Structure formats: C-alpha cells, structure tokens
Amino acid sequence: MKSPSAQSILNRAKEWREANRDSWQRARDTISFIEQGDQWDSKSAADRDYANKSTLQFNLLHKHLRAIQAKGKNVELSLNLNPTNDMWAERVEETNAFRMLLNHIMLGEEQKRAYEHSLEKVYSYGQSVLYVDVVRENEETLSNTIAIRCINDPSKAFFDKNSQSLLKNDGAYCGLCTELAKEQVHSLYPSSKGKGWVEDKNTVTDYWWRDSKQVDFLKLVGGEFKREDMLTGDDIIATDKEKRKASVTVIKYMRIINDRKTPLEAAQDWPSEDLPLVYNYGLTIWTPEGYQSFPFGYHMMD
C-alpha cells in the first residue's frame with residue numbers, strides 16, 4: 001500500500017482536534033476552576049474589585065478529588081495469565097520465566113508511574129494517552145524492550161475518528177504531535193541544515209497506520225499452518241512441506257516535520273502488530289458527533 005501523504009496525515013490530526021474541541025474546552029475549564037483556582041470569570045472579578053467587594057472562593061473540590069486520586073494510586077496492580085493449552089505444564093520453568101518477564105514489562109516501577117500519571121490525566125482532562133514504545137534495552141546490546149509512558153498533554157495525540165472502541169485500538173491509524181527546536185532537528189537530521197523548511201520551533205508528527213502484506217505459511221505435522229518467519233525449533237514441518245500465502249496485518253510508521261516528510265521519508269515497519277497509542281477514557285457519553293469525555297470534577301463546578 002502506498003504511504004500516506006504529509007497533508008493527509010495533518011488533515012487527520014485536524015479532524016480529531018475538531019471532533020474533540022468541546023472535550024478539550026471542558027478539560028481547560030475544569031483545570032482552570034479546580035487545579036488553578038480560577039473560580040471567578042475575569043469580568044465578574046473586575047466588577048467586584050471595582051466595587052471594592054471581595055471575591056471569596058472555597059476550593060473544597062480540589063481537596064476531594066486529590067483524595068480520590070490518592071486512593072487510585074494505592075490500588076494494587078496484578079497481571080493474570082491464563083494458558084491457552086496444556087503445554088505450560090510440560091514447561092513450568094519457561095512459563096514462570098515468561099510470567100516474570102511480562103510482570104517486569106507491564107508492572108515495573110516506571111510502568112506503574114506511567115499508569116499513575118495516566119490516572120491523574122483522566123481525572124483532570126477526562127482522558128489520557130499511553131505510549132507503548134520499543135526502545136534499546138541498554139548501550140551494550142541491540143536488544144529491545146518495551147517502554148510505557150503517559151503523554152503529558154493528551155490533546156497532542158490523535159486517533160481514527162471512525163474507531164468504535166473506547167480504547168481506539170481498533171482504529172486504522174493514530175499519531176502524536178510534539179515540538180522540536182531547530183537545533184534538535186539538525187541533530188536528528190544533519191541533512192536538514194540550511195534548509196528553509198526548518199524553523200525555530202517545529203511541529204513533529206509521528207504517525208502509525210495499519211497495513212497488510214503477504215507472508216508464507218508452512219504446514220506442520222499436526223495439520224495446522226504457521227508463519228514461516230515465526231517457526232521455532234519446536235515446530236515440526238509436515239513431510240509434504242505444503243506452503244500457503246496469506247495476508248497479515250503490519251504496523252507502519254513515518255514522521256513528518258511541519259508540513260513535509262523528514263529524511264525518514266520511507267515508511268518503516270513498526271515492531272508490533274498493534275498501534276502504539278492507547279486511549280484511556282474517564283466519564284464518557286455518546287453523542288451523534290461521537291464519544292465526548294468529561295473530567296471527573298466537571299459536573300461539580302458551580
């Protein structure tokens with residue numbers, strides 16, 4: 001499949017922002033009212049000041065919501081793994097090692113902090129976004145590991161507006177907009193030096209989308225077919241070595257800066273079968289325009 005154009009990616013980011021404009025306004029209003037204590041609008045505050053009247057406010061809601069957040073942080077997280085067959089009983093050591101690995105990946109200290117941060121965003125913004133990245137494990141090897149972090153400003157992420165899942169994990173694409181200074185762009189892409197499209201502040205859009213490709217499947221002795229590129233030493237190929245082709249889903253990635261593709265212009269394969277951004281919702285209702293989110297304190301403001 002042909003890679004999307006830079007303009008089509010930017011259009012999709014714009015569509016998501018427009019569809020969620022009301023949600024983000026509610027988030028800004030709630031943060032201003034509860035977190036920053038701006039409980040009087042500027043005109044009313046100015047009129048009272050002019051009339052030499054005090055503008056009293058009692059931010060009891062902030063303390064109440066902080067107590068709820070503290071309870072959420074104290075929830076003990078656990079990972080429950082259920083085997084899909086009886087092979088685990090024959091490979092107890094391998095199963096336990098895999099269980100420990102998943103617990104380290106999903107419930108390590110950094111991951112727990114990301115979940116706590118995500119919970120705070122849900123309370124304040126009505127939604128949050130987790131980024132499941134694949135990074136180098138250390139400087140000594142080329143081994144990769146999974147890193148989970150919470151996006152500080154969830155309004156910078158965008159998703160397929162036609163997604164039906166509240167987690168947006170069934171969408172056709174997702175993206176994340178950030179900013180890079182000119183020096184950072186030059187450091188990442190030396191060929192950009194002297195180019196007129198690099199500005200003092202540059203909007204970077206990372207974009208992932210679902211694609212498909214044809215792969216070979218080999219017949220095993222049990223009659224089932226398995227991807228040839230995923231065979232292990234335990235797989236026994238049938239004597240007739242029957243091979244079939246089938247389509248599988250892959251995730252593609254590209255980055256654009258401002259309104260153009262970067263030197264990473266060619267789409268890259270992302271090392272996962274799932275989109276890396278996970279949408280987390282708080283109080284949500286369905287409207288003809290789609291799901292609308294509400295911060296936890298929004299309906300308590302007076």
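See the structure shown above.
Because the structure is a prediction, the values reported are computed rather than measured.

### Let's talk about the sheet that holds strand β1 (residues 127-136)
Within a beta sheet, neighbouring strands are joined by backbone hydrogen bonds and run either parallel or antiparallel to one another. Reading across the sheet, the three strands line up as β2-β1-β10 and stay open at both edges, with antiparallel pairing between neighbours. Single-partner strands in this sheet number two, and they are β2 (144-150) and β10 (277-281). Between one strand axis and the next, the sheet turns through 20 degrees on average, direction left out of account. Relative to β10, β1 runs antiparallel, the two sharing five bridges. Bridge pairing in β10 places Gln 127 opposite Tyr 281.

### A closer look at the pattern of salt bridges
On inspection of all chains with the given rule, the structure shows 11 salt bridges. For the salt bridge of Lys 219 with Asp 240, the shortest nitrogen-to-oxygen distance reads 3.7 Å. Of the two residues, Lys 219 is situated in strand β5 (residues 201-219) and Asp 240 in the loop between β6 (225-227) and β7 (243-257); the sequence distance between them amounts to 21 residues. A relative accessible area of 21% means that Lys 219 is categorised as partly exposed. For Asp 240, a relative accessible area of 45% corresponds to the partly exposed category. Between Glu 228 and Lys 243 there is a salt bridge, and its shortest N-O distance comes to 3.6 Å. Placement of the pair is Glu 228 in the loop between β6 and β7 and Lys 243 in strand β7, with a sequence separation of 15 residues.

### Topic: the packing of aromatic side chains
Throughout the structure, instances matching the rule amount to 11 aromatic pairs. Each ring, one from Tyr 253 and one from Trp 270, has its centre 5.5 Å from the other, and the planes form 50 degrees; the classification is tilted. Separated by 17 residues along the polypeptide, Tyr 253 in strand β7 and Trp 270 in strand β9 (residues 268-270) bring together distant segments of the chain. Here Tyr 253 falls in the buried class, since its relative accessible area comes to 10%. Looking at Trp 270, the relative accessible area reads 14%, which means it is buried. Taken together through their ring pairs, the aromatic side chains of Tyr 131, Trp 208, Tyr 253 and Trp 270 make up a single cluster. Here the basic side chain of Arg 26 rests over the ring of Phe 294, its NZ or CZ set 4.0 Å away from the ring centre.

### Concerning helix α1 (residues 6-19)
Taking 1.5 Å per residue as the helical rise, α1 with its 14 residues ought to reach 20 Å, and the 20 Å between its terminal C-alpha atoms agrees with that figure. Taken together, the buried positions of α1 are Ala 6, Ile 9, Ala 13 and Trp 16. On an axial view of α1, the arc spanned by its buried residues comes to 95 degrees, and they lie on one face. Contacts from the buried residues of α1 go to β3 (157-159), β5, β7, β8 (260-261) and β10.

How each quantity is defined
- Residues numbered from 1 in each chain as written.
- Predicted model: local features only at pLDDT ≥ 70, side-chain atom pairs only at ≥ 80, totals over all residues.
- Heavy atoms only, no water.
- Pairing = 2+ DSSP bridges.
- Helix = DSSP H or I, 4+ residues; strand = E, 2+ residues; numbered from the N terminus.
- Axes fitted to C-alpha atoms, helices over the stretch in contact; angles between N-to-C directions.
- Salt bridge = Lys/Arg side-chain N within 4 Å of Asp/Glu carboxyl O.
- Buried < 20%, exposed > 50% of the residue type's maximum accessible area, 1.4 Å probe, protein only.
- Phe/Tyr/Trp six-rings, centres within 6.5 Å; stacked < 30°, edge-to-face > 60°.
- Lys NZ or Arg CZ within 6 Å of the ring centre and 35° of its normal.
- Expected span 1.5 Å × (residues − 1).
- Arc of directions from axis to C-beta.
- Contact = heavy atoms within 4.5 Å.

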